[in-house]
Each structure stands twice: as C-alpha cells, then as structure tokens.
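Commentary on secondary and tertiary structure
The primary structure of each chain is shown beneath.
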Protein chains: 2
Amino acid sequence: MKSKMQMIESILKGKNIKLTKQRKAIMEIFLNYDEHFKPEEVYDLVRNQGIGLATVYRTIEILKIHDIIEEITIGKDRYYELKLFSEKALHIHFTCKKCNRIYDYDKTEMVLDLIRLRNFVEKEYHVDVEDMKIMMKGICEKCRR
Amino acid sequence: MKSKMQMIESILKGKNIKLTKQRKAIMEIFLNYDEHFKPEEVYDLVRNQGIGLATVYRTIEILKIHDIIEEITIGKDRYYELKLFSEKALHIHFTCKKCNRIYDYDKTEMVLDLIRLRNFVEKEYHVDVEDMKIMMKGICEKCRR
DNA sequence: CTTGATGCAAAGGATTTGCACAAAT
DNA sequence: ATTTGTGCAAATCCTTTGCATCAAG
C-alpha cells in the first residue's frame, strides 16, 4: 500500500513535475501537520534546509493547482491546508472575531446538508460544482464567557 | 419612508462619520448597481468626480466595518458588494473555472439549508455565528456546452 | 471654528519574476 | 544531456499611511 506521500508523488510525476527535495520538504509540512499555514509560516519551517521563500510560493501554487492543498482567505490573510486525503474533506472554517482563532468543523451531520446544498445548486443552475468552501464568522465558545 | 441612502446616512451619522460628497458617491455605486466591485472598479466609476483611490479604499473600509457592504475573496481578487438591504442576504457565490465569471445564487430553498447549518454549528460548537459565506467553484452552464 | 476627511505621493507588505546556476530525469 | 527547478534580488501589485490642505458639522 502506497503512503500518502507516494500517492502525491505519483500524481505529480504524471505531470512532468520534478520531485525535488525542496518540494518534498514542503509537502511534508502539509502532510505531517493537518493544519493551515501561511506561506511565511511554511517558509519558517523549511528555511533551515536552505529553501527560499520564492520556492515556497512556487510549490504552494503547484500543490494548489493539483488540488493537493486548498487555499482559504480570512480577512487579509491567505492560508493553505491539505485537501487531498483530508478526512475533513468538506468542512467549515469558523473565525472568531475576538481572538481571531480559526477553527475547522467537520461533523458528518453537516456534510449531509452541504451535499444537499451542492446537489440543489447543480440542478437549479445547471452547473458542475467541483469545490465548495464555507466560512463562518462570529464569537467562539472561549470568548463568549 | 426613508430611502436606502438616507438609512445608511443615519447609521453613519451616529458614529461621527461625516457625509462627504466622496462617500456619498461611492455609496451610490453599491446602491445603484447591486453587484460586486473591486476597489479599482469603484475608482474608475468615480475618478471623474475627482475622487482619489485612497479615498475609495478608506470608504470601502468604513462601509465594510459597519456591515453596509461585504467583502468576498475569489482567488487573488477582492470584491465588495452591498450587504445591507440586499434581498439576497444569504447567498452563494459561484465562480466558473473556465470563464471566471462570478454568479450570485439566492433561491430560498437554499437559504433554509443554510440556516439549518448555522443553527447546527451554533449548538454543536457553542459559538455565535454572525456571518457566513459560501463559495462554490466549478463549471457554469454556458461553459459546459 | 474644530474636527475629521481628502488627495497626492511615498511607504509597506505580499507575491511574482528574471536570470545564472544546480539538480532531476 | 536536457529540461525543469532553485535561490537571490529586483520588480510588481495591491493597500495603507503621512502630511498639508479642505470641507462638514
């Protein structure tokens, strides 16, 4: 059985994309921590390996285009997180207005609503929906008390 | 009965925000066309009145903070559109991957699903949801044929 | 009058790009 | 060998800010 890393590698190989040590290092960040990162944050984690910021941006772009990671924008910040293999394939991003923490919610109960929503849109507007993002903003449990 | 413009004016008056001719001109863009605009696009529509780009940015910020317009980010672009008074209070933004057109969908049937989703999140995670955005990406009807 | 707003140009921050060199296939 | 990727620094793009001046309340 192939590891996730190997699966990503074979996806990229099929597209003439070379597997450099820089790209592997960056991919590992997303695979090992199932979290969101800003480009700068990824850079901080790999710069000790002599990897430049431009390479981080270029690699993120590649991973995004091939749907391995996804981009979420919150206010003025852009984050990236693993999309492929993520158990929380369809999840909701919640940002707290007070503490600015970002939470990912992914209960199955919601996924059903989301799928229904997608099906409705596809039928009603005759489109193919390939991707959806739900962002909520409000006050989190900790900040409410 | 107050016009929408008058209502916005009274909201802003209560906050020590002066009603300059520049701000009125920019507010009218959002009121008259119920569409999304980039800052530059708003600027193009008001620059003939001698309004500077910085003022457009500053006014957009004010309108956003007071929930008169809302921000949506699609890829690398940031758009703003009327939020207050908008019949399509809760709507879905759909972007076509091929033609890059942006559509707003707002059938009531979906709104119910969205409200249920919000209620679920609030109960399950003990948060207050004040705002939500749904972005979908895919292929639109025109580009499918 | 007094305070807050404007326009301009300059500054800032994030992202992209050109290019000579290096590494993967 | 060829092709593609990398690091660096410079360039670009979007957005914000400082400041002298102007206008709203």
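Here, every reference points to the structure presented above.
My aim in this report is to walk through the structure given alongside it, one point at a time. Just so we're clear, the structure is a prediction, and the values are computed from it rather than from any experiment.

1. Things to note about the protein's contact with DNA strand D
- Near DNA strand D, the surroundings consist of 20 residues, among which Lys18, Gly50, Thr55 and Arg58 of chain A together with Tyr57 of chain B are the closest.
- A distance of 2.7 Å separates a phosphate oxygen of DNA strand D from a polar backbone atom of Gly50 of chain A.
- Among the secondary structure elements, those contributing two or more residues to the surface near DNA strand D are α2 (21–32) and α4 (53–65) of chain A together with α4 (53–65) of chain B.
- No other element matches the four residues that α4 of chain B contributes to the surface near DNA strand D.
- Its residues placed into classes, the surface near DNA strand D shows seven nonpolar, six polar and seven charged.

2. Brief notes about the protein's contact with DNA strand C
- Taken together, 19 residues lie near DNA strand C, and Tyr57 of chain A together with Lys18, Gly50, Thr55 and Arg58 of chain B sit nearest.
- The contact in question runs from a phosphate oxygen of DNA strand C to an N or O atom on the backbone of Gly50 of chain B, over 2.6 Å.
- The side chain of Thr55 of chain B places a nitrogen or oxygen atom 2.2 Å from a phosphate oxygen of DNA strand C.
- When residues of the surface near DNA strand C are traced back to their parent elements, those giving at least two are α4 of chain A together with α2 (21–32) and α4 of chain B.
- For the surface near DNA strand C, the class distribution of residues is six nonpolar, six polar and seven charged.

3. With respect to the pairing of strand β1 (residues 69–74) of chain A
All names here are of chain A.
- β1 sits mainly inside the fold: six of its six residues count as buried.
- Alternating positions in β1 separate into two faces, Ile69, Glu71 and Thr73 on one and Glu70, Ile72 and Ile74 on the other, with burial throughout.
- Sheet topology places β1 next to strand β2 (residues 77–82); six bridges connect them, and they run antiparallel. Bridged to Ile72 within β2 is Tyr79.
- The antiparallel pairing of β1 with β2 creates a hairpin that spans two residues between the two strands, and Gly75 there sits at a positive phi of about 60 degrees.

4. Brief notes about unusual backbone geometry
All names here are of chain A.
- In this structure, Asn16 is a non-glycine residue whose phi angle is positive, near 65 degrees.
- Inspection of the secondary structure puts Asn16 in the loop between α1 (4–13) and α2.
- Residue Asp67 is not a glycine yet carries a positive backbone phi of 60 degrees.
- Note that Asp67 resides in the loop between α4 and β1.

5. Concerning the interface of chain B and chain A
- Contact with chain B, which involves 41 residues of that partner, is made by 41 residues of chain A.
- Three residues, Leu117, Tyr125 and Met136 of chain B, lead the burial of chain B against chain A; their summed loss comes to 15% of the area buried on that side.
- Where chain B meets chain A, there are seven salt bridges.
- Asp128 of chain A is the salt-bridge partner of Arg144 of chain B, the closest N and O atoms lying 2.9 Å from each other.
- Where chain B touches chain A, the interface holds 16 residue pairs in polar contact (both at pLDDT 80 or more).
- Contributing elements (two or more residues each) for the side of chain B that touches chain A: α4, β1 (69–74), β3 (92–96), α5 (108–125), β5 (128–139) and α6 (141–144) of chain B.
- Looking at the side of chain B that touches chain A, the element that brings in the most residues is β5 of chain B, giving twelve residues.
- Among the residues forming the side of chain B that touches chain A, the class breakdown is 17 nonpolar, four polar and 20 charged.
- Inspection of the sheet shows strand β5 (residues 128–139) of chain A paired to β5 of chain B by eleven bridges, in the antiparallel sense. Of the residues in β5 of chain B, the one forming a bridge with Met135 of chain A is Lys133 of chain B.

Cut-off values and rules
- Counting restarts for each chain: residues are numbered from 1 in the order of the written sequence.
- As they are written, the chains are lettered A onward and the ligands numbered 1 onward, keeping that order.
- Only residues with pLDDT of 70 or above have their local features reported here, since the model is predicted, and side-chain atom pairs are shown and tallied only from 80 upward, although totals for entire chains, interfaces and linings are computed over all residues.
- With hydrogens and water set aside, each side-chain value is computed from the structure's full complement of heavy atoms.
- If even one non-hydrogen atom of a residue comes within 4 Å of a molecule or strand, that residue is called near it.
- Counted as a polar contact is a pair of N or O atoms within 3.5 Å, where, for protein atoms, one must be capable of donating a hydrogen and the other of accepting one, and residues adjacent in sequence contribute only when both atoms are in side chains.
- Helix and strand definitions here come from DSSP, where helices need a minimum of 4 consecutive H or I residues and strands a minimum of 2 consecutive E residues; each element is numbered from the N-terminal end.
- Following the grouping adopted for this structure description, the nonpolar residues are Ala, Val, Leu, Ile, Met, Phe, Trp, Tyr, Cys and Pro, the charged ones are Asp, Glu, Lys and Arg, and the polar ones are all others, Gly among them.
- Each residue is placed in one exposure class: buried if its accessible area under a 1.4 Å probe, protein chains only, is under 20% of its type's maximum, exposed if it is over 50%, and partly exposed if it falls in between.
- By definition, two strands form a pair when at least two bridges between them are found by DSSP.
- Throughout, a contact is declared for two residues whenever any of their heavy atoms are within 4.5 Å.
- Buried area: the accessible area, evaluated with a 1.4 Å probe, that two parts lose upon being put together, summed over both parts.
- For this analysis, a salt bridge means a side-chain nitrogen from Lys or Arg found within 4 Å of a carboxyl oxygen belonging to Asp or Glu.

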